[in-house]
Amino acid sequence: MSTLADTAIEILRENDRGTYTVPTKGLYPFQWNWDSCLTALGQHHFDEDRAWREIETLFDNQWPCGMVPHIVFHQMDDGYFPGPQVWATGRPVPTSGITQPPVAGFSLKRLFDRAKDTALAEARVKALLPKVAKWHRWFYETRDPRGEGLVAIIHPWEAGRDNSIDWDEPFERVPTEGITPYVRRDTQHANPAHRPTMEQYDRYLWLVEHFRGLGWDTSKLHDASPFQVVDPGFNAILIRSCADLADLADHLGEAELARENRQFAEKGIAAMETLWSEPHGQYLCRDRTRGTLVDSASVGGLLAAFCAIPTDRAAAIARTIDNHGTRFRVASHPPQDSRFDAKRYWRGPVWLVINYMIADGLRRAGEVDAAAKITASSLDLIRESGFAEYYDPMTGEPLGGGRFTWTAAMVLEFLSMEQ
Ligand code: DGY
């Protein structure tokens, strides 16, 4: 009988396209940004060289402005919508025109710290360091125009949490009229009841067409977007990556990059306080176009623990997770909220990558028991339900795509943490 680790490695190999890995066959046939950076952590357990390659391929497709796109369309595949013709970004290898949670800086540090082949690791990090730093600079220049210390996403796909309840209110201001008629492909691969709604898709597409109409000039898109949301989870990932990149830069004698990234991280951590909600015991999103906090206690506000928030905040987050009371943790939305939907993508289901980042942050903040509970629950889920894209937090039912790459990568990570 094969072990969990064997199956995880088998899935990572099966979805490997040589220089990048697809999240899963059918539903997601290209390279996704944060999927790849987290996948590399799993690959590193059995092939260090291949892990570095995964991140390098992504950065080979960085835009001259510094943005790293959320999808790289290496090979044509009609099974996905919206494909490269819809994005029409004019890149040599076609890409989308928006970005995704910048977890690369964190991943680089983790790969570097664990590397057995240190000479290899140093050479690879040296080449990637200025590219990741350029991406971080791009974020603060284009997505934080007033210098608040926190960046905004301008499309729900950027957060990766596509249909989170966090976006419901700000999304209402995105029109649905006038978009080119289209046919969704995702619902041909996965149960439509577990995916975003048609109305949400219309709004996703409206934003894409709007940005395309502005020639994908990333210096203009933030101000031109009716959707500007400061997501605590997204910012926590960026802040953690800045802090980790600063450490790496110090190690490699890149003092200026270290200073710049440490400053981003320090300013970001201080600004995170403005998103804290005492009644919810977690951070909330800010709708930047209105200047108000969004009354939605989604998992983005718990993922904030991934960066070095104050320890009392981390302790409160650990309690909030306990209070969810779900059989499997961490639900992407609290079941006590009437808008919770146990099976619909980011409106309730558990995601292993999110569990991993929350557990890592809580452990660093000294919440060791809370982190161990998340690790144990994540592995229980896999033993019971296999390697799915996401899971019902009440029943553990596997949902979305199957034999999922980043789930497999996280299993290898969780197993190594348990040892
Ligand atoms: C999708 O197509 O579902 C993706 O999440 C967009 O990146």
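The following refers to the structure shown. (Residues numbered from 1 in each chain as written. Predicted model: local features only at pLDDT ≥ 70, side-chain atom pairs only at ≥ 80, totals over all residues. Heavy atoms only, no water.)

**Some details on the nonpolar core**
What counts is decided by this rule: Within this scheme, the nonpolar core is defined by two criteria: the residues are buried Ala, Val, Leu, Ile, Met, Phe, Trp, Tyr or Cys, and they are joined through side-chain atoms within 4.5 Å. For every residue, the accessible area obtained with a 1.4 Å probe (protein chains only) is divided by the maximum for its type, and the residue is called buried under 20%, exposed over 50%, and partly exposed between those limits. The helix count covers DSSP runs of H or I at least four residues long, the strand count covers runs of E at least two residues long, and both are numbered beginning at the N terminus. In what follows, a contact means two residues having at least one pair of non-hydrogen atoms within 4.5 Å.
Counting 140 residues, the largest nonpolar core has Ile-354, Met-357, Ile-358 and Leu-362 as the members making the most contacts within it. With 10 residues, helix H6 (residues 118-142) is the largest single contributor of residues to this core. In this structure, Leu-362 is in contact with Ala-305, Ala-314, Ile-317, Ile-321, Glu-367, Ala-370, Ala-371 and Ile-374, ignoring residues within four places of it in sequence.

**Concerning the side chain of Glu-54**
The condition that has to hold: Each polar contact in these results corresponds to two N or O atoms within 3.5 Å; when the atoms are within protein, one needs to be able to donate a hydrogen and the other to accept it, and residues that are neighboring in sequence are counted only if both atoms are side-chain atoms.
You can see Glu-54 is positioned in helix H3 (residues 48-60). At 3.4 Å, the side chain of Glu-54 and the side chain of Gln-43 are in polar contact. When neighbours within four sequence positions are excluded, Glu-54 is seen to be in contact with Thr-19, Tyr-20, Thr-21, Gln-31, Ser-36, Ala-40 and Gln-43.

**Comments concerning the packing of aromatic side chains**
How we decide: Two aromatic rings, drawn from Phe, Tyr or Trp (for Trp, its six-membered ring), form a pair once their centres lie within 6.5 Å of each other, and the interplanar angle then sorts them: stacked below 30 degrees, edge-to-face above 60, tilted otherwise.
In this structure the tally under the stated criterion is 31 aromatic pairs. On the basis of an interplanar angle of 70° and a centroid distance of 5.2 Å, the ring pair of Tyr-201 and Tyr-204 is categorised as edge-to-face. Separated by three residues within a single helix, Tyr-201 and Tyr-204 lie in helix H10 (residues 198-213), roughly one turn from each other. Judged by centre distance (4.7 Å) and plane angle (20°), the ring pair of Trp-351 and Tyr-390 falls under stacked. One end of the pair, Trp-351, is in the loop between helix H15 (311-324) and helix H16 (352-364); the other, Tyr-390, is in strand S8 (residues 390-391), with 39 residues separating them in the sequence.

**Here's the deal with the pattern of salt bridges**
What counts is decided by this rule: Salt bridge, as used here, is a side-chain nitrogen of Lys or Arg placed within 4 Å of a carboxyl oxygen of Asp or Glu.
A complete count under the given rule lists 40 salt bridges for this structure. Here Asp-244 ties to Arg-240 by a salt bridge, and the two come within 3.3 Å at their closest N and O atoms. Residue Asp-244 and its partner Arg-240 are located together in helix H12 (residues 232-251), separated by four residues, close to a single helical turn. Given a relative accessible area of 6%, Asp-244 falls into the buried group.

**Overview of the sheet that holds strand S6 (residues 286-287)**
Where we set the bar: One bridge is not enough; two strands pair if DSSP finds at least two bridges between them.
Strand order in the open sheet formed by three strands is S3-S6-S7, and the pairing between neighbours is antiparallel. Two strands lie at the open edges of the sheet, namely strand S3 (229-230) and strand S7 (292-293), each paired on one side alone. Here S3 runs beside S6; their pairing, made up of two bridges, is antiparallel. By the bridge assignment for S6, Val-230 is matched with Arg-286.

**Considerations on the site of the ligand**
The condition that has to hold: Any residue with a heavy atom positioned within 4 Å of a molecule or strand is treated as near that molecule or strand. Areas reported as accessible are Shrake-Rupley estimates using a 1.4 Å probe. Residue values count occlusion only from the protein chains shown. In the cavity and pocket records, a cavity denotes points on a 1 Å grid over the protein atoms alone where a 1.4 Å probe fits but cannot get out, a pocket denotes an open set with protein on both sides within 12 Å along at least 5 of 7 lines, and lining residues are residues with an atom within 4 Å of a point. Pocket occupancy is defined atom-wise: a molecule lies in a cavity or pocket when more than half of its atoms are within 2 Å of its grid points. In this classification, the charged set is Asp, Glu, Lys and Arg, the nonpolar set is Ala, Val, Leu, Ile, Met, Phe, Trp, Tyr, Cys and Pro, and all remaining amino acids, among them Gly, are polar.
In the vicinity of the ligand, the contacting residues are Tyr-28, Trp-32, His-70, Tyr-80, Trp-157, Asp-162, Arg-195, Tyr-201 and Tyr-345. At 2.6 Å from an oxygen atom of the ligand is found a side-chain nitrogen or oxygen belonging to Tyr-80. Between an oxygen atom of the ligand and a side-chain N or O atom of Tyr-345, the distance comes to 3.2 Å. Look at the ligand: alone it shows 230 Å² of surface, and the protein chains cover 95% of it. If you map the ligand onto the pockets, it falls in the largest cavity. The residue makeup of the shell around the ligand, split by class, is six nonpolar, one polar and two charged.

**Quick word on unusual backbone geometry**
Most peptide bonds are trans, and most residues other than glycine sit at a negative phi. Cis geometry marks the peptide bond from Phe-81 to Pro-82; its omega dihedral reads 0°. Inspection of the secondary structure puts Pro-82 in the loop between strand S2 (71-72) and helix H4 (84-87). The omega torsion of the bond from Arg-329 to Val-330 falls at 10°, within 30 degrees of zero and hence cis. Relative to the assigned elements, Val-330 resides in the loop between H15 and H16. We note that Ala-88 has phi near 45°; this positive angle belongs to a residue other than glycine. For Ala-88, the position within the fold is in the loop between H4 and helix H5 (104-114). Here Ala-88 falls in the partly exposed class, since its relative accessible area comes to 44%.

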